Amino acid sequence: MIANGPRSAPFVFAIDIETACAVKDCPHYGKAMCANDHSLSPWHSEITVIGVVREQDAYASGQPKVYRPEQVFRGDSDGFRHFYQHFYALTQLGGSFTAHNGKFDVLHLSQKIPHMAQMLLNFWSSDTALNAFVWTDKVPPEYLDWYADNKPKESRKAGPHSLKTLAPYLLKVPAFWEVEDKDDDEYVLKDTRYTLQLHKYLEQHMPADQLAFVTEKLLPWTKMLVEAELRGLKLDVAGLLAYRAELEKTEAELKAQLDVLWSDAHLAYQSIMMHEVHKRYELMKDTKAREPRRQVALSRVPTSVSYDSPAQMSWLLGTFYGYDIRSLEGDESTGKEVLIRLASEGKDDVATFLKWRKTQKVLTAFIPSLLALKDAKDGVHPIYNPMGARTGRLSCERPNAQQVPKELKKFFKPLKGKLIGYDQAAIEAKLIAAYTEDPALLDVIASGDSIHNVNTTAFFALDCQPSEVPELYPRQRKASKNVGFALFYHAGANRIRVAITQGGFPISLNDAKRMHKNFLAKFTTALSYAKEVVAELEGGGVIPNLLGRPIKIQNPQDAYMQGFNTLIQSSASDINLDRMHSALGALRAKGIEAYPILTVHDYAGIEVVGDDVCVRLADAVISKELTNMSLPTTNSCITLEVDGGVSDVWN
DNA sequence: TTTCTTGGCGCG
DNA sequence: AAAGCGCGCCAAGAAA
């Protein structure tokens, strides 16, 4: 079965897999569409079907093939073996493969057939979804609307980079949608065949530089992400549970305090609700049925205000206690901004509520999902999506490693080795400086100072040196830091007002306007360059970012707010991935056992397995590679710097 | 009953 | 005319 003959001309075949929920006690067990997303996770799913299609050409005798690999649903225990043999034979003939979002297929296949993992990465040569995502010539919105309107009710919506959208639009094949039962030869083969056709189409129609960015950069980075997902991290479950117990105690105490502080509000709320029930039932014609139903409704009236409900809290704080819950933007809200202001005005109940919210957030949004997502060995496998953000940044889910609170990071550990992690220092400031060559900004970078210090002197009209700010005006600096880089991206005076006020310096809008002026005067060059970028993008232009990713704003009206930010954000993100990828390559070239395990926008985390000497060497290699790039400017260049080091846990 | 939207908030 | 940008997850409430 394994071909030994001479290699034929290189060719591309397509693969596609379907998966189903394999969690026995999940209501969606066995289904392709699982509301709990089990079918999307290799640690909770089974592969039901694999489709393989190669082009029918001179050297091909290959028919489209379908494999049913797993015993659970089909009883075909030889499926994986047959798939492997076919795959191997194709690669021997000179084949490499394409897929639509191949990260999904490669991840699942690698997890189920570990000995194929390296081979899958080696022979994955094209990805139609990545290509379509990067391609600046998008499917027009009118087509997307038409497509959404004609979608059968039960099907999932097809996104702009979905095969279901791209194949009909670009290849002019009949429209098709996702089906409930994907465990079907025709369905899989249609997807696989269209993927192959789409691959050909995109190779022919995409600009060469855009295609090259995917092939040379984005695809290799994406392969690194597959490795990170497969490896994952280990949860310190005992530590996490202990911490949860602590938090639960705190939460209960805070809630008890609030219940007392607000007992009159709870009573009032209950009586209002009851009153409404009575009113509703007075209108009911059928007087015989009325009473029993009224009693049921009354018994269901909540006895207290729910602290989880923004609407109810708005009633409690705004209506009942008469607090001014208008945000600085002018609209009513129970968000942090308002609460911090009220607390600083001496409202102790609000201060307690703020603490409760913070505790509640960690207790509900993070800890339970981490415990639910862990695999049998306490492993968690954050899944990255290189197409998840318009800017080219990664998004991340199940769990989202990008939003783990600082306090929980220490419960994430590398599987076996040490975690060597580094942040890119001030990458956003450096990129703005490199792009705009603003003298003031270049100065800040060259002197190793922070933009926040300069902002502080500008905002508060201080006459000290920026470097003296942390020493002399720490509180002002903290407030200024709240503004961050927003002003480079067209934030206004009101944003300054909110940020500085939140930082403990209540200021008027006029104060903020003066601060804004000071800022604009300080960085005129940067801002005028940003303006040029915006003008180009507003005209529908394409600008390559620092790594060659083509940047285009689909809706030109958005270019004013998004344009410059997109250029900077995408560059920062791409630099981080590029450096991390390079670090990994350098480690492996030295024979060091290393795994990519974390990436968070400007942070790269690599697990290294080995003795102390090995880890020290790895640390040197990593910090060298992560900074092994300079941002060129006309007269000099800006070097990268990183903060971090070796640790047993994240952080 | 399920699905979608909103407000809120964690992170960069 | 005025506007920081980019995500995912949770609970409540509305819509279906």
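Throughout what follows, the structure given in this document is the object of discussion. Please read all numbers here as calculations on a predicted model, not as lab measurements. (Residues numbered from 1 in each chain as written. Chains lettered and ligands numbered in written order. Predicted model: local features only at pLDDT ≥ 70, side-chain atom pairs only at ≥ 80, totals over all residues. Heavy atoms only, no water.)

**Looking at the overall build of chain A**
Heads up, the rule is: Secondary structure elements are taken from DSSP: a helix is a run of H or I of four residues or more, a strand is a run of E of two residues or more, and numbering for both begins at the N terminus. Our radius of gyration is a C-alpha quantity, and the globule rule it is checked against amounts to 2.2 Å times the number of residues to the power 0.38. Relative accessibility under 20% of the residue-type maximum defines a buried residue, over 50% an exposed one, and the middle range a partly exposed one, all with a 1.4 Å probe and only protein chains included. Contacts are residue-level and defined by heavy atoms, with any inter-residue pair within 4.5 Å sufficient. Only four residue types enter the charge count, namely Lys and Arg as positive and Asp and Glu as negative; His and the chain termini do not. Working definition for charges: the position is that of NZ of Lys, CZ of Arg, CG of Asp or CD of Glu.
Check the secondary structure of chain A and you find 25 helices and 18 strands. Since a compact globule built from 651 residues should have a radius of gyration of about 26 Å, the 29 Å found for chain A is in line with a globular shape. Seen through its principal axes, chain A has C-alpha atoms that stretch 85 × 85 × 55 Å. Here chain A, with 651 residues, has 51% of them falling under the buried criterion. When contacts within chain A are restricted to residue pairs at least 6 apart in sequence, long-range pairs at least 24 apart make up 67% of them. In chain A, the 74 positive side-chain charges and the 80 negative ones have mean positions that sit 3 Å from each other.

**Concerning the nonpolar core**
Note the following rule: Here, nonpolar core refers to any group of buried Ala, Val, Leu, Ile, Met, Phe, Trp, Tyr and Cys residues whose side-chain atoms link them within 4.5 Å.
L109, L408, F488, I500 and V608 are the most contacted members of the largest nonpolar core, which totals 140 residues. Of all the elements, helix α24 (residues 559-589) adds the most residues to this core, at twelve residues. In contact with L408, not counting residues within four places along its chain, are L240, Y243, V362, F366, I367 and L370. If you look at the next biggest cluster of nonpolar residues, it comprises 21 residues, including A268, Y269, Y323 and I325.

**Details of the sheet that holds strand β5 (residues 124-127)**
The test is simple: Strand pairing is assigned whenever DSSP identifies at least 2 bridges connecting the two strands. Inter-axis angles, ranging from 0 to 180 degrees, are taken between N-to-C directions of lines fitted to C-alpha atoms, where helices are fitted over the stretch in contact.
Taken in spatial order, the five strands make up an open sheet running β3-β2-β1-β4-β5, and their pairing is mixed. For this open sheet the edge positions go to β3 (65-67) and β5, each flanked by a neighbour on one side alone. Along the sheet, successive strands turn relative to each other by an average axial angle of 30°, direction set aside. Pairing between strand β1 (residues 11-21) and strand β4 (residues 95-99): four bridges, direction parallel. The residue bridging F13 from the neighbouring strand is F97, located in β4. Against the sheet, helix α2 (residues 79-92) touches β1, β2 (45-54), β3 and β4, its axis set at about 30° to β2. Against the sheet, helix α3 (residues 102-112) makes contact with β1, β2, β4 and β5, and its axis sits at roughly 70° relative to β1, the strand it touches most.

**Section: the protein's contact with DNA strand B**
Note the cut-off: Nearness is judged by heavy atoms alone; a residue qualifies as near a molecule or strand once a single heavy atom is within 4 Å of it. Polar contact is the term for a pair of N or O atoms within 3.5 Å; when the atoms are in protein, one must be able to donate a hydrogen and the other to accept it, and sequence-neighboring residues count only if both atoms are side-chain atoms. The classification used treats Ala, Val, Leu, Ile, Met, Phe, Trp, Tyr, Cys and Pro as nonpolar, Asp, Glu, Lys and Arg as charged, and all other residues, Gly among them, as polar.
Around DNA strand B, a shell composed of 19 residues is seen, among which T334, K336, R357, Q402 and D602 lie nearest. When the atoms of DNA strand B within 4 Å of the protein are grouped by moiety, sugar and phosphate amount to 74% of the total. Contacts to DNA strand B include K336, whose backbone N or O atom sits 2.7 Å from a phosphate oxygen. Interatomic distance of 2.7 Å between a side-chain N/O atom of D602 and a sugar or linking oxygen of DNA strand B. Looking at the surface near DNA strand B element by element, the count peaks at four residues for helix α15 (residues 348-373). Counted by class, the surface near DNA strand B contains four nonpolar, seven polar and eight charged residues.

**Points about unusual backbone geometry**
Excluding glycine, residues mostly carry a negative phi; peptide bonds, for their part, are mostly trans. Across the junction of R398 and P399, the peptide omega takes the value -10°, indicating a cis bond. Along the chain, the position of P399 falls in the loop between β9 (395-397) and β10 (412-413). The residue A461 is not glycine, and still its phi comes out positive at about 50°. Within the element layout of this structure, A461 appears in the loop between α18 (451-459) and α19 (469-472). Positive phi, close to 90°, is recorded for N651, a residue that is not glycine.

**Topic: the protein's contact with DNA strand C**
If you check the shell around DNA strand C, you find 29 residues, and the closest are S309, R390, N400, G492 and Y560. Taking all atoms of DNA strand C within 4 Å of the protein, the share assigned to sugar and phosphate is 69%. Here S309 contributes a side-chain N or O atom positioned 2.9 Å from a phosphate oxygen of DNA strand C. Those elements that provide at least two residues to the surface near DNA strand C are α15, β9 and α24. Ranked by the residues each element gives to the surface near DNA strand C, the list is headed by α24, at five residues. Broken down by class, the residue content of the surface near DNA strand C amounts to eight nonpolar, 15 polar and six charged.

**Regarding the pattern of salt bridges**
Keep this limit in mind: Salt bridges are counted wherever a side-chain nitrogen of Lys or Arg sits within 4 Å of a carboxyl oxygen of Asp or Glu.
In total, this model carries 21 salt bridges according to the counting rule given. K217 serves as the salt-bridge partner of D578, at 3.7 Å between the closest nitrogen and oxygen. Of this pair, D578 sits in helix α24 while K217 is found in helix α9 (residues 208-231), placing the two residues 361 residues apart along the sequence. Close ionic contact of D511 with R514 constitutes a salt bridge, the shortest N to O distance being 2.6 Å. Note that D511 and R514 are positioned in helix α22 (residues 509-522) at a spacing of three residues, about one turn of the helix.

**Focus on the side chain of T456**
Relative to the helices and strands, T456 is located in helix α18. In this structure the side chain of T456 is engaged in a polar contact, spanning 2.5 Å, whose partner is the backbone oxygen of H452. Setting aside chain neighbours within four positions, we find T456 in contact with A461, L462, V469, Q476, R477 and S480.

**A word on the packing of aromatic side chains**
The following threshold applies: We call Phe, Tyr and Trp rings a pair once their centres come within 6.5 Å, taking the six-membered ring for Trp, and we label the pair stacked below 30 degrees between planes, edge-to-face above 60, and tilted otherwise. Cation placement over rings: the criterion is NZ of Lys or CZ of Arg within 6 Å of the ring centroid and within 35° of the ring normal.
Applying the stated rule across the entire model yields 29 aromatic pairs. Relative to F353, the ring of Y307 lies with its centre 6.3 Å away and its plane at 70°, an arrangement referred to as edge-to-face. A residue pair is termed long-range when its members are at least 10 positions apart, and Y307 in the loop between α12 (287-299) and α13 (310-320) and F353 in helix α15 qualify at 46 residues. F353 carries the same exposure label as Y307, and that label is buried. Site record: aromatic cluster; members linked through ring pairs are F11, F13, Y67, F83, F87 and F97. Of note, K172 hangs over the ring of Y169, and the distance from its end group to the ring centre comes to 5.5 Å.

**Quick look at the sheet that holds strand β6 (residues 233-235)**
Within a sheet, adjacent strands bond to each other through the backbone by hydrogen bonds, running parallel or antiparallel. Read across the sheet, three strands follow the order β7-β6-β10 without closing on themselves; strand pairing throughout is antiparallel. Two strands close off the open sheet at either side, each with one partner strand: β7 (379-380) and β10. Where β6 and β10 come together, two bridges link them in antiparallel fashion. By the bridge assignment, K234 is partnered in β10 with K413.

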